[in-house]
Amino acid sequence: MTQNQSVLEWMEKMKELVCPDRVIWIDGTQEQLESLRAEACKTGEMIKLNEEKLPGCYLHRTAVNDVARVEGRTFICSRSEEDAGPTNHWMEPSKAYEMLYGIAKNSYRGRTMYVIPYSMGPVGSPFAKIGIELTDSIYVVLNMSIMTRVGNEVVKTLGNSSDWVRGLHCKCEIDEEKRYICHFPEDNTIISVNSGYGGNVLLGKKCFALRIASFLGKNEGWMAEHMLILGIQNPLGEIKYVAAAFPSACGKTNLAMLIPPEFYRQKGYKIWTVGDDIAWMRIGPDGRLWAINPENGFFGVAPGTNVKSNPNALATTKSGTIFTNVVHNLDDNTVWWEGLDHNPPKNAVDWKGRPWDGTSSKEKGAHPNSRFTAPAKNCPCISPEFENGRGVPISAIIFGGRRARTTPLVYQSRDWNNGVFVGSIMASETTAAATGAVGVVRRDPMAMLPFCGYHMGDYFKHWIDMGERLGDKAPKIFNVNWFRLDDEGHFIWPGFGDNLRVLEWILQRCEGKADAVDTPIGFVPKADDINLSGLDLTVDTLKTILNVDSADWAKEADGIEEFYQKFGDKLPKELKAELKKLKEKLA
């Protein structure tokens, strides 16, 4: 398959370590993938679903102790502990290699080693990066063939270069006490042992595309961010692109695949999805910031996805999709999950593989973190620019969180550094269901807290440096909060497709076509500048969620100061200055 010496030498070393019975290179052909699907069905690793209703779709169940990413077992193994920073778990690299190799030794005996050459980003794109993952799981091969570009073209593009990310995945015994996901930034290496679950084993996703790529981006002058990319087409046919970062449970996928309200559709507005999760951004020849989605599919949470909440996501799952840990409806050989509809199957099997009657069971049939892995090309609103290796130009960067009262519906930062400050203080409040304590603020800077592959203080500085390089061509930076509550605890803003009304103001601000009110935290819309046509929401009510309460923000500033202390001397002076300015404006 390759004459690349760096690949061959590393593979030989890994083969000696794990001792596979045989080695199969993944060439990306449909014939090979089809034979692997058949083999997975034969062994019970996968179940083929109804070919008429869900063509090319399969069901997989993980071990019951292996159902989510494990942040407590995820390590950044930089050579210096300080380089990992206070927000990551660190392990000394030689100690980590010794431990991981001890766990992985002989673990492929009786198994096949699958070699997956894959490209993050369109093959040959100037944005793209190449990885090779070794795995003993057909499930991983088939998911990676959806989530990334795999096969011979990737090998050809790599040629003899040694610039590629090494990935070793070993299922071992799926022992949660010996489960580790380790990243070695200086070595371009990822090793995952004792897991078979997506986020831990599809090494192109969070492991490469964020943790390793964020480190590469810092060193090479680009950005790897936990952001959706969205194109907004106006009635004149002009398309502007925004990138947006949200912590979990803040409507990121819904925004990425937004369906405009009827009023906007009639005027000719359209939404184009470039990406739902990750953005790689570089400064283009024209000096602007350009972005690609490095992935080739969507790895979405199934529960709650339905024809009302996200019809585009649901439509994307209708063919060529792998479902993980959802309900198997035995009556028609399809799948179901909580929140799909109000008709749970009676004759079914739950995510643990047990008989399940959805009409009477008190237990959930699908795991709350059950997933679908679906090809991006299936999405009805996939952008025509999705495969464009040059990317799309970003007009605005949007940060967001879930706040009951403090943060207004939308506000614009004063400039780039103030925008970096806004991103660095991103936060959501916990709900009673999550922790038993309501309103506890959890900060998740740029939604990168679990995914930044190096010291977060240096990460903030990299943002500031990028802004200096971009100058007056930098995207404008905004913050949104769809989750303001009234006194009865109900959401005030309708959200979902109506979020386009806020995006419209954002783009008008980028083009200098909308006014704003100057507040201590930044620029807030005039209530009359948010289009409320067709909404059961008064201008007076809108004003309540555009309000900036100085007393609330004084408390917020104290919380920010406390949060910033963990970064010590690594906190950029520019962010200290922004916090000082905020306090002065609130005084």
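It should be noted that the structure appears before, not after, this text.
Analysis parameters
- Within every chain, residues take consecutive numbers counted from 1 along the sequence as written.
- Only residues with pLDDT of at least 70 are given local features in this predicted model, and only at 80 or more are side-chain atom pairs given and counted; all residues enter the totals for whole chains, interfaces and linings.
- To obtain the side-chain values, all non-hydrogen atoms of the structure were included, while hydrogens and water were left out.
- What counts as a salt bridge is simple: a side-chain nitrogen of Lys or Arg found within 4 Å of a carboxyl oxygen of Asp or Glu.
- Put simply, DSSP marks the helices as runs of H or I at least four residues long and the strands as runs of E at least two long, and each gets a number from the N terminus on.
- Burial here depends on accessible area, computed with a 1.4 Å probe over protein chains only, as a share of the maximum for the residue type. Under 20% is buried, over 50% is exposed, and the range in between is partly exposed.
- For two strands to be treated as a pair, DSSP must find at least two bridges joining them.

*Asks:* Tell me about the pattern of salt bridges, residues and numbers included.
*Replies:* Scanning the model with the defined rule gives 37 salt bridges in all. Between Glu295 and Lys205 there is a salt bridge, with the nearest N and O atoms lying 2.9 Å from each other. Here Glu295 is found in the loop between strand E17 (289–292) and strand E18 (297–301), whereas its partner Lys205 is found in helix H8 (residues 204–220), with 90 residues between them in sequence. Note on Lys205: relative accessible area 7%, which makes it buried. Among the ionic pairs, Asp515 bridges to Lys526, the shortest N-O distance being 3.0 Å. Highlighted residues: Asp515 in the loop between helix H15 (500–510) and strand E30 (517–519) and Lys526 in the loop between strand E31 (522–524) and helix H16 (539–546), separated in sequence by 11 residues. Taking the relative accessible area as the measure of exposure, Lys526 reaches 37% and is therefore partly exposed.

*Asks:* Describe the sheet that holds strand E22 (residues 348–349), naming the residues involved and giving the relevant values.
*Replies:* The strand order across the open sheet built from four strands is E21-E20-E22-E23, with neighbouring strands paired in antiparallel fashion. Among the strands making up the open sheet, the edge pair consists of strand E21 (334–336) and strand E23 (355–356).

*Asks:* Before we move on, can you summarise unusual backbone geometry with the specific residues and values?
*Replies:* Look at Ile174: it is not a glycine, yet its phi comes out positive at around 50°. Structurally, the position occupied by Ile174 is in the loop between strand E9 (165–170) and strand E10 (180–184). The phi angle at Asn333 is positive, at roughly 55°, despite the residue not being glycine.

*Asks:* Explain the pairing of strand E11 (residues 189–193) to me, and be specific about the residues and the numbers.
*Replies:* Of all five residues making up E11, five are buried, and the element is well covered by its neighbours. In E11, alternate side chains face the same way, and those of Thr189, Ile191 and Val193 on one face and Ile190 and Ser192 on the other are all buried. Both E9 and E11 contribute to a ladder of five bridges, which runs parallel. The partner of Cys170 across the bridge, within E11, is Val193.

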